[in-house]
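Secondary and tertiary structure notes
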Amino acid sequence: MSFFNELKRRNVIRVGIAYAVASWVLLQVVDLVFEYITAPAWIMQVFMLALALGLPLVLILAWVFELTPEGIKRETAIDPAQSVAPQTGRKLDRVIIIFLALAVAFLLADRFRSGSDAVPGSAETTQVAANATAENSQPESAGEIGESSNDADKSIAVLPLANRSIQPEDAFFAEGLHDELLTQLSRISALRVISRTSVMGYAGTTKRIPDIGRELGVSTLLEGGVQRSGNRVRINVQLIEAATDEHLWAEVYDRELTTDNLFEIQSDITRAIANALQAVLTGEEQQAIEQKSTDNVEAYAYYLRGRALSRGFGRQLDDIDRSIAIYQAAIDLDPKFSAAYAALAVDWTERYWGTDKLGNELMHALEALQHARSLAPESPETLTAEGYYHYWGYLDYAQAIVAFDSALAKEPGNILALRGEAYVLRRMGRFDESIAMMQKVISMDPLDVEMPADVGYTLLRNGQFTLAKVMMNRSVTLDPEREFSRYTLAEALVVEGDLEGAWQIMGPGDSEAEAYNDDLRLLVARAQANNARIDETLEYYQSTQTSNSFGPDFARALVYLDRGEQSALNALLADLQTSAQKAERERPGEEATLVTLISLYALQKDQANLSKTIAVFYATVKPDALRIAENRVIPIAYAIAGDTEAALDYMEQLLEQYGPWEFYYFAINPSFNNMRDLPRFQAMDKRYRQWLAQLK
């Protein structure tokens, strides 16, 4: 008997087919389960490897053993005339048919699921947000929110370019090129380009293209890789239709590693994508994507490395210092590199914004900005840096808006400029415009964690409570560990009276917690009169006092007042007086010094000096529409100093500027217990309770 006939007689081929089909069906089930429990990708890879290794083992067993009515026996121990292999083969045929039917069912179900699923960031989710906004806001903001669903046919996500170089450090090169390509595409007004923040999570992903397209709410995706070797670079890219996983265009660029070639490749890719999506480029856009910012390939490599590290907002100081050094290295190699100067200016301004503002960061920022202005005054990079310099540097809102608008006119998808202008508009009190711009950012950056929390916080101030909680929950879902996300949701829960829910959302005490979290935890614990929670919060209070935060000393003073612990209060008051005198000598007239004096005069019940210092404070600080809602030190200072009328005036002005929901803070705060019987306080409290009843 031939070897092939013996394989058929022993059912080895049938067993192999049955194993393969059953494994495929099993993998579909496992993939579905892992998707819903968000298991790491490596678990699926291990599962696939185990099934692959099992195939030769199963084939060997099918050759060596045979299933008989008496059980499993070695094939050599069975008389071929008595073998039941033919009957077993027919059973295996039925098993194969069953598993094939299951495979077909899975394929059909998957096709149905691909067409009907909706996830955060998709057009469907965006439309829900639009509908909710339309019920609570001005018409113009609703139009902006729904924008993403109108341009889905010209939307694209550029997945992180794979680093195929031998040297691991070339990963920065690949990531920087990816960021530059996003910048090129963002200059085309007809396209909606998903930002870097949302796509970076797909680096090395095993997810299917249709799934990624649904999650990001786009019609097309670009994927590819970069290989840098010596003086050559190889870049391969392919444009894919998300819904069908069909390739629309692909190209391989194998060139000498020069800046001319790199910029030409980026321009070619950008034009090819625009053509594939039928996006017409204006003459200015065509010119913009062909511009070359440097002739020095090493300077450009440093710049790309800096782009890979930079975000322009929300970074730790060490990370900012690292990218500052890298941009400076690029400038040292090419002193006429305007984009590097602009990026350096943004980084120095970000460093100033995130510190105590006592260093020379702004001087360095201005020096870099002046170089960028002299080299490329109208470039989007220079104009964006200009906007942040005016905003973060001096809270000069009018100048910042002009700069950001100019940058966006040249690069409509500039996320950094969009974010900057959204925050400036909020500080100017133009909440509807700010919310609309924030929602535009979300449509371009659907997986960003920070912006939904900021939108929710702004909506809460604007009285759009239902949509505010939707956005806050979205932010917490995307990253349950992010402190500001949990804080915004906790504040919303406090507004509607759920103190315990707010406490649980904020989580346990943390010595690294931000000041706003400490303050809200203390408010909840004091409102609950829960001494254990109060002491826990005070133990971790590490923030310094600002106009928007108590700081550890004033926080303890409020607790001592609540508890009537006069001796402890007197000791703390002596320390606070020493600190205030030192601050007056070393940093007279600064905001932090004035806030320290305000809390000192309040505790001393010195109404005259308190009133004078508050007047100086308002004359010193820049205008900020959020200040009256965020500044809790001044109204509490009025209350504990006994200046009841001034405290009530503050509350009435706050409610007039925002709405009755802002009274939640005074309604539950023990510092205002001595005012609860006053007619003005009761009138505001009644308005808040009526609003709360309508909300529920």
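One can find the structure itself at the top, above this paragraph.
This text gives an overview of the structure that appears in the document. Values in this document were obtained by computation on a predicted structure and should not be read as measured data.

Analysis parameters
- The residue numbers shown here count from 1 along each chain, following its written sequence.
- It should be noted that, the model being predicted, local features are given only for residues of pLDDT at least 70 and side-chain atom pairs only at 80 or more, the latter also being counted only at that level, while totals for whole chains, interfaces and linings use all residues.
- Hydrogen atoms and water are omitted, and side-chain values are computed over all heavy atoms in the structure.
- Going along the chain from the N terminus, every DSSP run of H or I of four or more residues is numbered as a helix, and every run of E of two or more is numbered as a strand.
- Under the scheme applied here, a residue whose accessible area is under 20% of the maximum for its type counts as buried, over 50% as exposed, and between as partly exposed, the area being computed with a 1.4 Å probe on protein chains only.
- Contact definition: two residues touch when any of their heavy atoms are within 4.5 Å.
- Whenever a helix is involved, its axis is fitted only over the stretch in contact; in every case the axis is a line through C-alpha atoms, and angles between N-to-C directions fall within 0 to 180 degrees.
- What sets the label is the angle itself: under 35 degrees gives roughly parallel, over 145 gives roughly antiparallel, 65 to 115 gives roughly perpendicular, and the rest give oblique.
- Left-handed is the label given to a crossing in which the near helix is rotated counterclockwise from the far helix by less than a right angle, and right-handed is the label when the rotation is clockwise.
- Three residue categories are used. Nonpolar comprises Ala, Val, Leu, Ile, Met, Phe, Trp, Tyr, Cys and Pro, charged comprises Asp, Glu, Lys and Arg, and polar comprises the others, including Gly.
- Any Lys or Arg side-chain nitrogen located within 4 Å of an Asp or Glu carboxyl oxygen qualifies as a salt bridge.
- In this analysis a 1.4 Å probe is tested at points of a 1 Å grid over the protein atoms alone, and where it fits but cannot get out there is a cavity; an open set with protein on both sides within 12 Å along at least five of seven lines is a pocket; lining residues have an atom within 4 Å of a point.
- Grid points are joined across faces, edges and corners, and a volume is the space filled by probe spheres set on the points.
- Only rings of Phe, Tyr and Trp enter the pairing, Trp through its six-membered ring, and a pair is recorded when the two centres are within 6.5 Å. The plane angle decides the type: under 30 degrees is stacked, over 60 is edge-to-face, the rest tilted.
- Lysine and arginine charges are scored as sitting over a ring when NZ or CZ, respectively, is within 6 Å of the ring centre and within 35 degrees of the ring normal.
- Helix span is expected to be 1.5 Å times the residue number reduced by one.
- Identification of polar contacts relies on pairs of N or O atoms within 3.5 Å, with a donor-acceptor requirement for protein atoms, meaning one able to donate a hydrogen and the other able to accept it, and with residues adjacent in sequence counted only if both atoms are side-chain atoms.

Describing the overall build of the protein chain
Counting secondary structure elements, the protein chain contains 35 helices and eight strands. Within the protein chain, the proportion of its 696 residues that are buried is 52%. If you take every contact in the protein chain between residues at least 6 apart in sequence, the share linking residues at least 24 apart comes to 62%.

Here we look at the packing of helix H18 (residues 397–410) against helix H19 (residues 415–427)
Contact pair H18 / H19: the axes reach a minimum separation of 9 Å and the direction vectors enclose 150 degrees. Put simply, H18 runs roughly antiparallel to H19. As for how H18 packs across H19, the hand of that crossing is left-handed. Mapping the contact onto sequence places Tyr397, Ala400, Ile401, Phe404, Asp405, Ala407 and Leu408 in H18 and Ala417, Leu418, Gly420, Glu421, Val424, Leu425 and Arg427 in H19. Split by residue class, the contact of H18 with H19 holds ten nonpolar, one polar and three charged.

Some points on the pattern of salt bridges
Under the counting rule described, the total for this entry stands at 42 salt bridges. Here glutamate 500 makes a salt bridge to arginine 533, at a shortest N to O gap of 2.9 Å. Of the two residues, glutamate 500 is situated in helix H24 (residues 499–506) and arginine 533 in helix H26 (residues 531–540); the sequence distance between them amounts to 33 residues. A relative accessible area of 35% means that glutamate 500 is categorised as partly exposed. Assessed through its relative accessible area of 16%, arginine 533 is described here as buried. Each of Glu175, Asp179, Glu180, Arg196 and Arg307 takes part in salt bridges that share partners, so that together they form one network.

A short note on the packing of helix H32 (residues 633–641) against helix H33 (residues 644–657)
When two helices pack together, you describe them by how their axes are tilted relative to each other and by the distance separating the axes. The interhelical angle for the contact between H32 and H33, taken along N-to-C directions, is 150 degrees, at an axis separation of 7 Å. Compared by their axis directions, H32 and H33 come out roughly antiparallel. Two packed elements cross with a definite hand, and for H32 against H33 that hand is left-handed. Across the interface between the two elements, Ile634, Pro635, Tyr638 and Ala639 from H32 touch Ala646, Ala647 and Tyr650 from H33. The residue inventory of the contact of H32 with H33, partitioned by class, reads seven nonpolar, no polar and no charged.

Examining the side chain of histidine 390
Looking at the element boundaries, histidine 390 is found in helix H17 (residues 380–394). Those residues within four positions of histidine 390 in sequence are excluded, and the remaining contacts are Leu395, Asp396, Gln399 and Ala400.

Let's talk about the environment of isoleucine 401
As for its position among the elements, isoleucine 401 is in helix H18. According to the relative accessible area criterion, isoleucine 401 is buried, its value standing at 11%. Note: C-alpha distance between isoleucine 401 and tyrosine 388 (13 residues apart in sequence) is 9.7 Å.

What to know about empty space enclosed by the protein
All chains considered together, the criterion is met by two cavities of 30 Å³ or more. Its volume calculated, the second largest cavity comes out at about 50 Å³. Lining the second largest cavity we find Leu161, Leu177, Leu181, Val226, Ile235, Ile265, Gln266 and Ile269. Going through the elements one at a time, helix H8 (170–186) and helix H11 (259–276) are the ones with two or more residues in the lining of the second largest cavity. Considering every element that reaches the lining of the second largest cavity, the biggest residue donor is H11, with three residues. Looking at the lining of the second largest cavity residue by residue, the class counts come to seven nonpolar, one polar and no charged.

Considerations on the packing of aromatic side chains
Taken as a whole, this structure holds 25 aromatic pairs when the rule is applied. Each member of the aromatic cluster is reached from another via a ring pair, and the members are Phe663, Tyr664, Tyr665, Phe666, Phe672 and Phe681. Taking NZ or CZ as reference, arginine 228 lies 4.7 Å from the ring centre of phenylalanine 173, over its face. Of note, arginine 461 hangs over the ring of tyrosine 457, and the distance from its end group to the ring centre comes to 4.8 Å.

What to know about helix H27 (residues 551–563)
Given a rise of 1.5 Å per residue, 13 residues ought to cover 18 Å, and the 19 Å separating the end C-alpha atoms of H27 matches this to within 8%. Residues of H27 that are buried include every one of Gly551, Phe554, Ala555, Ala557, Leu558, Val559 and Tyr560, and no others. Residues of H27 that are buried make contact with helix H25 (515–527), H26, helix H28 (566–586), helix H29 (591–603) and H32. Glycine 564, located one to two residues past H27, shows a positive phi value of around 70 degrees.

Some points on the environment of glycine 507
Residue placement: glycine 507 occurs in the loop between H24 and H25. Under the relative-accessibility criterion, glycine 507 is labelled buried at 17%. Sequence separation between glycine 507 and asparagine 517 is ten residues; the distance between their C-alpha atoms is 9.9 Å. Once residues within four sequence positions are removed from consideration, glycine 507 is found in contact with Arg486 and Arg521.

Structural notes on the side chain of serine 475
Tracing the backbone shows serine 475 in helix H22 (residues 465–478). Judged by relative accessible area, serine 475 falls into the buried class, the value being 0%. Within polar-contact distance, the side chain of serine 475 engages the backbone oxygen of valine 449 at 2.7 Å. When near neighbours in sequence (up to four residues on either side) are disregarded, serine 475 contacts Val449, Pro452, Ala453, Arg482 and Ser485.

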